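Structure at a glance
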Amino acid sequence: MMDYHRSRDRFDEDRIDEVLELIWMLREEGESHLDNVKKRSEDPNVSQVLTLAVSEGLISTDHGSISFRPEGEKRAENIIRRHRLAERLLSEVFEIEEKQLEDHACELEHTHVLSEVVVDSICTFLGHPPTCPHGKPIPRGECCRKFSNEMKPLVVPLTELSLGDEARIVFISSKYHARLDRLSSLGIVPGGTLRLHQKQPAYLIRIGETDLALDRELAKEIFVKKMLLS
Ligand SMILES: [Zn+2]
Ligand SMILES: [Zn+2]
């Protein structure tokens, strides 16, 4: 009995999340009308979910227009942030194709596997990206606000290093397998360390005993973590 109620609540919460996310996206498009929400929602019982969201003080409606109450806005912001960061993570680190992206990001979002702390770690790891792979803004988190005054991103493209910097390769974001093969044959693989010697006219790096020249396009796809010099 308990379990039944719990899973039913979870189900309703998911449906509310879905609607809040939709209202947020419509607001970005300047379409904050009840009719648009009903038209675009995939929930067969969207009216019921909207009524629930109103009674929980998450949204309010007025003459056919819909707006967030503070609690609902905060909740929608978190959902959107989680979703768009998950998309970034999947596309940059795991190189998931754009068409598959939507499904995977939704799964991650609704299984609630990403706590706020984990979300902030992902955000920091990715260098606090301002947008998702579709160009939609990612709402800022606590980590981004801190970062703007005191922290540098942990992982940056090779092109962001200064001359003489030593760095560890974290991942390579190329979508082109031929390039990845070429890079790994040159010894550019995650975990390896390099030092940047020159930026113009090409990026000159030293890996072990080997000097390599890379063009800017290629250098931009190599993500590194700067090593602290003692
Ligand atoms: Zn997106
Ligand atoms: Zn951040």
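Here we summarise the structure given alongside this text. Bear in mind that the values here come from a model prediction, so they are computed numbers and not experimental data. Residue positions are given per chain, counting from 1 as you read along its sequence in written order. Here every chain gets a letter starting at A, and every ligand a number starting at 1, in the order they are written. Restriction of local features to residues with pLDDT of at least 70 applies here, the model being predicted, together with a cutoff of 80 or more for giving and counting side-chain atom pairs; totals for whole chains, interfaces and linings are based on all residues. Only hydrogens and water are set aside; all other atoms, that is, all heavy atoms of the structure, feed into the side-chain values.

1. Thoughts on the coordination of the zinc ion (ligand 2)
- The protein atoms that coordinate the zinc ion (ligand 2) are Cys123 (SG), His128 (ND1), Cys143 (SG) and Cys144 (SG), at distances of 2.0 to 2.4 Å.
- Angles of 100 to 115 degrees at the metal separate the four donor atoms of the zinc ion (ligand 2), which places the site in the tetrahedral class.
- Each metal's donors are the N, O and S atoms found within 2.8 Å of it, except that Na, K and Ca use a 3.2 Å limit; water is left out, so coordination can look incomplete. Between consecutive donor residues of the zinc ion (ligand 2), the sequence gaps follow C-x4-H-x14-C-C.
- In this structure Cys143 comes out as buried when scored by relative accessible area, which is 9%. Tetrahedral means four donors with every angle between 85 and 135 degrees, whereas square planar (four donors) and octahedral (six donors) require angles over 155 degrees between opposite donors and between 65 and 115 for all others; sites fitting neither are termed irregular. Remark: exposure states derive from per-residue accessible area (1.4 Å probe, protein chains only) relative to the maximum for the residue type, with buried under 20%, exposed over 50%, and partly exposed in between.

2. Considering the packing of helix H4 (residues 70-92) against helix H6 (residues 116-125)
- Put simply, H4 and H6 touch, their axes get as near as 10 Å, and they point 45 degrees apart. With respect to their mutual orientation, H4 and H6 come out oblique. Classified by chirality, the crossing of H6 by H4 is left-handed. Packed against H4, whose contacting residues are Asn78, Arg81, Arg82, Leu85 and Leu89, the element H6 presents Glu116, Val119, Asp120, Ile122, Cys123 and Phe125 at the interface.
- Grouping the amino acids of the contact of H4 with H6 by side-chain chemistry returns six nonpolar, one polar and four charged. Axis definition: a line fitted to C-alpha atoms, limited for helices to the stretch in contact. Angles are taken between N-to-C directions and run from 0 to 180 degrees. We count a stretch as a helix when DSSP gives it H or I for four or more residues in a row; a strand needs E for two or more, and each element gets its number in order from the N terminus. Should an angle fall under 35 degrees it is taken as roughly parallel, and over 145 as roughly antiparallel, whereas 65 to 115 is taken as roughly perpendicular and any remaining angle as oblique. Two helices cross in a left-handed way if the nearer one is turned anticlockwise from the farther one by less than a right angle. They cross in a right-handed way if the turn is clockwise. Contacts between residues were defined by any pair of non-hydrogen atoms, one from each residue, lying within 4.5 Å. Amino acid classes used here: Ala, Val, Leu, Ile, Met, Phe, Trp, Tyr, Cys and Pro are nonpolar; Asp, Glu, Lys and Arg are charged; the rest, including Gly, are polar.

3. A closer look at the side chain of Asp120
- As for its placement among the helices and strands, Asp120 is situated in helix H6.
- A distance of 2.8 Å separates polar atoms of two side chains, one belonging to Asp120 and the other to Arg81.
- Discounting residues that sit within four places of it in the chain, Asp120 has contacts with Arg81, Glu142 and Cys143. Nitrogen and oxygen atoms within 3.5 Å of one another constitute a polar contact, given that in protein one can donate a hydrogen and the other can accept it, and given that sequence-neighbouring residues count only through two side-chain atoms.

4. Topic: the pattern of salt bridges
- Think of a salt bridge as a Lys or Arg side-chain nitrogen and an Asp or Glu carboxyl oxygen that are within 4 Å of each other. Taken as a whole, this structure holds 14 salt bridges when the rule is applied.
- A salt bridge links Arg15 to Asp12; its shortest N-O distance comes to 3.7 Å. One end of the pair, Arg15, and the other, Asp12, are both in helix H1 (residues 2-28), three residues apart, so they sit about a helical turn from each other. Here the two residues Arg15 and Asp12 agree in accessibility, since each one is buried.
- Residue Asp17 is joined to Arg75 by a salt bridge in which the shortest nitrogen-to-oxygen separation is 2.9 Å. Taken together, the residues Asp17 in helix H1 and Arg75 in helix H4 connect sequence positions 58 residues apart.

5. Considerations on the coordination of the zinc ion (ligand 1)
- Taken together, Glu87 (OE), Cys132 (SG) and His134 (ND1) make up the full set of protein donors to the zinc ion (ligand 1), lying 2.0 to 2.4 Å away.
- Here the donor residues of the zinc ion (ligand 1) are spaced in sequence according to E-x44-C-x1-H.
- Judged by its relative accessible area of 2%, Cys132 is buried.

6. Details of the pairing of strand E6 (residues 203-207)
- Because side chains alternate across E6, one face comprises the buried residues Tyr203, Ile205 and Ile207, and the other comprises Leu204 and Arg206, none of which is buried.
- By the bridge criterion, three bridges tie strand E5 (residues 193-198) to E6 in an arrangement that is antiparallel. Across the sheet, residue Arg195 finds its bridge partner in E6, namely Arg206.
- Following E5, the chain reverses through four residues before pairing antiparallel with E6.
- Only strands joined by at least two bridges in the DSSP assignment are considered to pair. Hairpin connection, E6 to strand E7 (residues 210-214): the antiparallel pair is bridged by two residues, and Gly208 has positive phi, about 60 degrees.

7. So, the sheet that holds strand E8 (residues 222-226)
- Strand order in the open sheet formed by six strands is E3-E8-E4-E5-E6-E7, with antiparallel pairing between adjacent strands. The sheet is open, and its two edges are formed by strand E3 (156-157) and E7, each paired on a single side.
- Sheet analysis places strand E4 (residues 166-172) next to E8, joined by five bridges and oriented antiparallel. Looking at E8, one finds that Phe171 is bridged to Phe223.

8. Examining the pairing of E7
- As paired elements, E6 and E7 share five bridges and run antiparallel to each other. Bridging from a neighbouring strand, Tyr203 pairs with Leu214 of E7.

No statement about biological role is implied by the geometric values presented.
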